[in-house]
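Listed below, chain by chain, are the residues.
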Amino acid sequence: MNEALKTIDLTPLDLAALLCSRVCHDAVGPVGAIVNGLELLDEDDSAETREMALDLIRKSARQASARLQFARIAFGAAGSAGSAVDTGYAQQLTEQFVADEKVKLSWNTPRLYVEKNRVKLLMNLVVIALSSIPIGGTIEVRMEGDAENPVFHVDARGPKPRIPPHLIDLLQGKSESGAVDAHGFQLFYTGEIARASRMKVDVSLEDGLVRLVASPK
């Protein structure tokens with residue numbers, strides 16, 4: 001890491017604003033598609049158009065619901081302080097979240113109640129894995145250890161895998177300017193969750209895959 005990099009210091013207001021923007025970014029696409037479907041129904045009520053519009057609305061509504069339910073856990077409070085989250089529930093939400101992506105998700109973890117921030121970290125690592133294979137591919141999630149000392153492995157394999165720009169620095173809470181924008185916020189936020197959950201994240205690009213490993217400090 002470049003020693004000239006500065007520590008990112010966000011005010012609570014800026015952190016909340018960037019987090020809201022991140023959630024809205026995921027929701028605005030399918031919600032906009034629902035509006036388009038309703039406008040089609042207003043313009044043309046023929047049987048063919050109606051069926052096409054309803055298919056669009058159904059698909060987009062499912063997608064919006066999946067993204068918002070995922071965000072509720074991955075970016076939200078997910079219960080009171082000190083609570084745990086069922087990894088099986090996290091799996092269900094993550095499978096729904098990636099259902100419309102060009103990836104195949106393989107989730108192999110025991111069903112356990114794990115500290116909520118650590119489950120949030122795992123779900124956010126899957127989001128990073130998605131961005132590392134923009135053309136599509138496979139994401140494999142594995143867990144070693146137990147609920148108290150989990151080690152998460154998230155492997156993303158696909159054509160031309162890449163490590164997202166500035167990933168290592170942003171995970172460590174650093175940037176050249178000491179600030180972070182909406183494009184880098186996901187990476188920075190994942191690093192913040194890792195620190196809050198007393199975990200470290202290692203990243204590597206090897207054998208045609210991007211490997212993310214989160215383990216207790």
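Bear in mind that the values here come from a model prediction, so they are computed numbers and not experimental data.

Caption draft 1: Seen up close, the pairing of strand E9 (residues 209–216). Here E9 lies mainly inside the structure; 6 of its 8 residues are buried. As judged from the 6 bridges shared by strand E6 (residues 151–157) and E9, these two strands associate in the antiparallel manner. The residue of E9 that forms the bridge with Arg157 is Leu209. Relative to E9, strand E8 (residues 199–206) runs antiparallel, the two being bridged by 8 bridges. What sits directly across from Lys200, in E9, is Ser215.

Caption draft 2: Inspection of the environment of Arg111 at higher detail. The residue Arg111 is located in the loop between strand E3 (103–108) and strand E4 (113–115) in this model. Sequence-wise, Arg111 and Asp86 are 25 residues apart; in three dimensions their C-alpha atoms are separated by 6.7 Å. Ignoring any residue separated from it by four or fewer positions in sequence, one finds Arg111 in contact with Asp86, Thr87, Gly88 and Tyr89. Side chain to side chain, Arg111 and Asp86 meet in a polar contact 2.7 Å long.

Caption draft 3: Examining helix H4 (residues 116–132) more closely. Compared with an ideal rise of 1.5 Å per residue, which puts 17 residues at 24 Å, H4 spans 25 Å between its outermost C-alpha atoms and is within 8% of the ideal. With 16 of its 17 residues buried, H4 lies for the most part within the structure.

Caption draft 4: View of unusual backbone geometry. In this model, Lys160 sits at a positive phi of 50 degrees, which is unusual for a non-glycine residue. Its location among the elements puts Lys160 in the loop between E6 and helix H5 (167–171). With phi around 50 degrees, Asp207 is a residue other than glycine that occupies positive phi space.

Caption draft 5: A look at the packing of aromatic side chains. Taken as a whole and judged by the stated rule, the model has 5 aromatic pairs. When the ring of Phe70 is compared with that of Phe75, the centres are 6.4 Å apart and the planes differ by 80 degrees; the resulting orientation is edge-to-face. A connected cluster of aromatic rings, assembled from ring pairs, spans Phe70, Phe75, Phe97, Phe185, Phe188 and Tyr189.

Caption draft 6: Structural context of the packing of H4 against helix H6 (residues 182–196). Two elements in contact, H4 and H6, have axes separated by 9 Å at closest approach and are oriented at 155 degrees. The angle between H4 and H6 places the two elements in the roughly antiparallel class. By crossing handedness, the relation of H4 to H6 is classed as left-handed. Contact residues: Asn117, Lys120, Leu121, Asn124, Leu125, Val127 and Ile128 in H4; Gln186, Leu187, Tyr189, Thr190, Ile193, Ala194 and Ala196 in H6. Here the contact of H4 with H6 is composed, by residue class, of 9 nonpolar, 4 polar and 1 charged.

Caption draft 7: Representation of the layout of surface pockets in the model. In this structure, the largest pocket occupies an estimated 980 Å³ of space. If you go around the largest pocket, you meet 36 residues; those closest to its centre are Ser131, Ala182, His183, Gly184 and Gln186. Where the lining of the largest pocket is concerned, the elements lending two or more residues are helix H1 (12–43), H4, H5, strand E7 (174–175) and H6. Residue composition of the lining of the largest pocket, grouped by class: 16 nonpolar, 10 polar and 10 charged. Estimated volume of the second largest pocket: approximately 190 Å³. What lines the second largest pocket is Ile168, Leu171, Gln172, Gly191, Ala194, Arg195, Met199, Lys200, Val201, Asp202 and Lys217.

Thresholds applied
- Residues numbered from 1 in each chain as written.
- Predicted model: local features only at pLDDT ≥ 70, side-chain atom pairs only at ≥ 80, totals over all residues.
- Heavy atoms only, no water.
- Buried < 20%, exposed > 50% of the residue type's maximum accessible area, 1.4 Å probe, protein only.
- Helix = DSSP H or I, 4+ residues; strand = E, 2+ residues; numbered from the N terminus.
- Pairing = 2+ DSSP bridges.
- Contact = heavy atoms within 4.5 Å.
- Polar contact = N/O pair within 3.5 Å; in protein donor to acceptor, adjacent residues only side chain to side chain.
- Expected span 1.5 Å × (residues − 1).
- Phe/Tyr/Trp six-rings, centres within 6.5 Å; stacked < 30°, edge-to-face > 60°.
- Axes fitted to C-alpha atoms, helices over the stretch in contact; angles between N-to-C directions.
- Parallel < 35°, antiparallel > 145°, perpendicular 65-115°, else oblique.
- Left-handed = near helix turned anticlockwise from the far one by under 90°.
- Nonpolar A, V, L, I, M, F, W, Y, C, P; charged D, E, K, R; others polar.
- 1 Å grid on protein atoms, 1.4 Å probe; cavity = no way out; pocket = protein on both sides within 12 Å on 5 of 7 lines; lining within 4 Å.
- Points joined across faces, edges and corners; volume = space filled by probe spheres on them.

Take it as geometry only, folks, not as evidence of what the structure does.
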